[in-house]
Amino acid sequence: MFQGTVTSADGTTIAYTAWGDGDPIVLIDGATAHRAATPENAQTAELLAGEFQVINYDRRGRGESGDTAPYAVEREFEDLAAIIERAGGGRPATVFAWSSGGHLALNAAQAGVPIARLALFEPPVIVDDSAPPLPADYVERLDAAVADGRPGDAVALFMTATAGMPEDVVAEMRGSDFWPALEAVAPTIAYDGRNVGDTMSGKPLRADLWSGVRVPVLVLHGRDTWPHLAAGAKALAAHLPTATLKAVPGEDHSTTADVLASVLRDFIQGA
């Protein structure tokens, strides 16, 4: 295992951990998550390190990575490109992404970042009435809360609007030990909102949304996950001509490292 940093195009320092050697696999977290908060990434990497070089990095503004204003989704494409350059000298990498990290990965592939294949676990997509749509002013409300010094309100909005948690449950969570850690990454929640765009609007995905994504895509969902996440995964797989849909053991928007490592290995070897 090796820990290091790369410098993104705008000068931002992006921190990462790498395991193993071989063809590169890059792991991308979803909203609020980073290396210290997702031990399953390290567990997955350790299971794959004998065959691949696996890199897990902190997205900008989280964990040990820096941040540089103003934010634009293109800056995260550049972060990913810098990580891929570090991993494989510019060779296209397999990219696996959790949740809304999948939107970042798809958007980066659309923008031309050198990606060989994509594996996406339950990217949040709402194209029907299986769940309430994301509020049209979601990103603006997040930005306003952070700008006003109310990071907890940004976290609460994320949990109620995207995760569907009841407001009274979220209110109780504000007193928990882990709440300050969520507030610390609150400014980055809007980053995911910008990458998600209108894909949680309850309307069909735009035909040209990821029309430039030509690489193999594996869309995963847990067999026992929340119904709207399975529906979203199915809708995304149907939208992408190169996609395959696969249900794996898992529930509540998660799966285990042994399941994930096996699926990624099979996907890379069979693609």
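Structure first, text after, so check above.
Residues numbered from 1 in each chain as written. Predicted model: local features only at pLDDT ≥ 70, side-chain atom pairs only at ≥ 80, totals over all residues. Heavy atoms only, no water.

## Remarks on the layout of surface pockets
Of the pockets and cavities examined, the largest pocket occupies roughly 860 Å³. In terms of lining, the largest pocket is formed by 36 residues, of which the most central are A31, T32, S99, F158 and H253. When residues of the lining of the largest pocket are traced back to their parent elements, those giving at least two are α5 (151-161), α7 (179-184), α8 (189-196) and α9 (227-239). Broken down by element, the lining of the largest pocket gets its largest block of residues, four residues, from α8. Taken together, the residues of the lining of the largest pocket break down into 21 nonpolar, 11 polar and four charged. (1 Å grid on protein atoms, 1.4 Å probe; cavity = no way out; pocket = protein on both sides within 12 Å on 5 of 7 lines; lining within 4 Å. Points joined across faces, edges and corners; volume = space filled by probe spheres on them. Helix = DSSP H or I, 4+ residues; strand = E, 2+ residues; numbered from the N terminus. Nonpolar A, V, L, I, M, F, W, Y, C, P; charged D, E, K, R; others polar.)

## Quick notes on the pattern of salt bridges
Following the criterion strictly, the structure yields 18 salt bridges and no others. One salt bridge connects R59 with D192, and the closest N-O pair in it is separated by 3.0 Å. In this pair, R59 sits in the loop between β4 (52-57) and α2 (73-88) while D192 sits in helix α8, placing the two residues 133 residues apart along the sequence. Using a relative accessible area of 3% as the deciding quantity, one classes D192 as buried. The residue R141 makes a salt bridge to D137 at a minimum N-O spacing of 3.7 Å. A relative accessible area of 40% means that R141 is categorised as partly exposed. (Salt bridge = Lys/Arg side-chain N within 4 Å of Asp/Glu carboxyl O. Buried < 20%, exposed > 50% of the residue type's maximum accessible area, 1.4 Å probe, protein only.)

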